[in-house]
Amino acid sequence: MMTRLHLTIVVITSNIVFMAGKLKQEIRQTKDFASTEGEATLNVLRTAEVIQQKLNAVLKQFDLTLTQYNVLRILRGAGDQGITCSVLAERMIARDPDITRLLDRMERSGLVVRQRSAADRRLVLTMLHLNGDTLLNETQQPMRDAILAIMGGLGETRLLSLISSLEEVRATDEGSFY
């Protein structure tokens, strides 16, 4: 008796079209980049700057910066118990070398509240004030719309690939970034 084997071959192709060289035109560079890695690095930096400008423009109508917005979101996630300045600094997307002054300004604006920890009086905890929570709620939809306008055209597959690639770059030398 003869047994038939079936072989299935699956071919996976990518629909990503590579359009390297646009950055060179944008920054009016006349010479080629020294390496593809260098070009990729400059593209990431340039793209981050463009995204930050667009998001800051949205937040400007709420009298917020992207850094302040990041602080408000972190504090919302921390809950009622609050977090210390050092923990907040660790969780920031972009490190702010003077987080204490940033929090001073945000406290004067009525967005955050700081108080000594009951458990350890040496610690000062920062919490989201009701005004900060309200402002964060007001920014949610405009920020979602802006992010969708910026990133939505890539589609789910390309976004997941981008996320994976960026995470891989950060993981290569995580300890030396900060």
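Structural data are supplied above this passage.
Residues numbered from 1 in each chain as written. Predicted model: local features only at pLDDT ≥ 70, side-chain atom pairs only at ≥ 80, totals over all residues. Heavy atoms only, no water.

Things to note about the sheet that holds strand β1 (residues 83–84)
Selection rule: Pairing between two strands requires that DSSP report at least two bridges joining them. Secondary structure is summarised from DSSP: a helix means a run of H or I of at least four residues, a strand means a run of E of at least two, and numbering begins at the N terminus for each. What makes two residues a contact is simply this: any of their non-hydrogen atoms within 4.5 Å. Note on method: axes are straight lines fitted to C-alpha atoms, helices fitted across the in-contact stretch only, with angles between N-to-C directions ranging 0 to 180 degrees.
Spatially, β1-β3-β2 is the arrangement adopted by the three strands of the open sheet, whose pairing is antiparallel. Single-partner strands in this sheet number two, and they are β1 and β2 (112–116). One ladder, built from five bridges, connects β2 with strand β3 (residues 124–128); its direction is antiparallel. Bridged to Q115 within β3 is L125. Lying over the sheet, helix α5 (residues 99–108) contacts β2 and β3, oriented at roughly 115° with respect to β2.

As for the packing of helix α3 (residues 66–78) against helix α6 (residues 130–151)
How two helices pack is summed up by the angle between their axes together with the distance between the axes. Operational definition: Angle categories: roughly parallel below 35 degrees, roughly antiparallel above 145, roughly perpendicular from 65 to 115, and oblique for all the rest. Each helix crossing is assigned a hand: it is left-handed if the near helix lies turned anticlockwise from the far helix by less than a right angle, otherwise right-handed if that turn is clockwise. Here the term charged refers only to Asp, Glu, Lys and Arg, the term nonpolar to Ala, Val, Leu, Ile, Met, Phe, Trp, Tyr, Cys and Pro, and the term polar to all other amino acids, Gly among them.
The contact between α3 and α6 brings their axes to 10 Å, and the two run at 115°. Relative to α6, the element α3 is oriented roughly perpendicular. Relative to α6, α3 is oriented so that their crossing is left-handed. Contact with α3, carried on its side by L66, Y69, L72, R73 and R76, involves G132, D133, L136, N137, T139, Q140 and M143 of α6 and no other residues of that element. Here the contact of α3 with α6 is built from residues that sort into five nonpolar, four polar and three charged.

Some points on the nonpolar core
This is how it is decided: Residues belong to a common nonpolar core when they are buried Ala, Val, Leu, Ile, Met, Phe, Trp, Tyr or Cys residues joined through side-chain atoms within 4.5 Å. When a residue's accessible area, from a 1.4 Å probe over protein chains only, is under 20% of the maximum for its type it is buried; when over 50% it is exposed; and in between it is partly exposed.
V71, L72, L88, M106 and L111 are the most contacted members of the largest nonpolar core, which totals 24 residues. Only α2 (36–60), α3, α5 and α6 provide two or more residues apiece to this core. Take this core: its biggest share by element is six residues, from α3. If we skip the residues at most four places from it in the chain, V71 touches L88, M92, L102, L103 and M106.

Brief notes about the environment of D133
For clarity, the threshold we go by: What qualifies as a polar contact is a pair of N or O atoms within 3.5 Å, subject to a donor-acceptor requirement within protein and to the restriction that residues adjacent in sequence count only when both atoms come from side chains.
With respect to the element layout, D133 can be found in helix α6. Distance from D133 to L72, taken between C-alpha atoms, is 7.5 Å for residues 61 residues apart in sequence. Those residues in contact with D133, other than ones at most four positions away along the chain, are R76 and L128. In this structure the side chain of D133 is engaged in a polar contact, spanning 2.7 Å, whose partner is the side chain of R76.

Describing the pattern of salt bridges
Pairing is possible between side chains that carry opposite charge, provided their charged atoms lie close to one another. Basically, it comes down to this: Only one rule defines a salt bridge in this text: a Lys or Arg side-chain nitrogen within 4 Å of an Asp or Glu carboxyl oxygen.
Under the criterion given, the structure shown has five salt bridges. D104 is paired through a salt bridge with R114; the nearest N and O atoms lie 2.2 Å apart. With D104 in helix α5 and R114 in strand β2, this pair connects stretches of sequence that are ten residues apart. Residue classification places D104 among the partly exposed residues on the basis of a relative accessible area of 27%. Across the pair D120 and R122 runs a salt bridge whose closest N-O atoms are separated by 2.9 Å. Among the ionic contacts, a cluster of salt bridges with common partners joins D104, E107 and R114.

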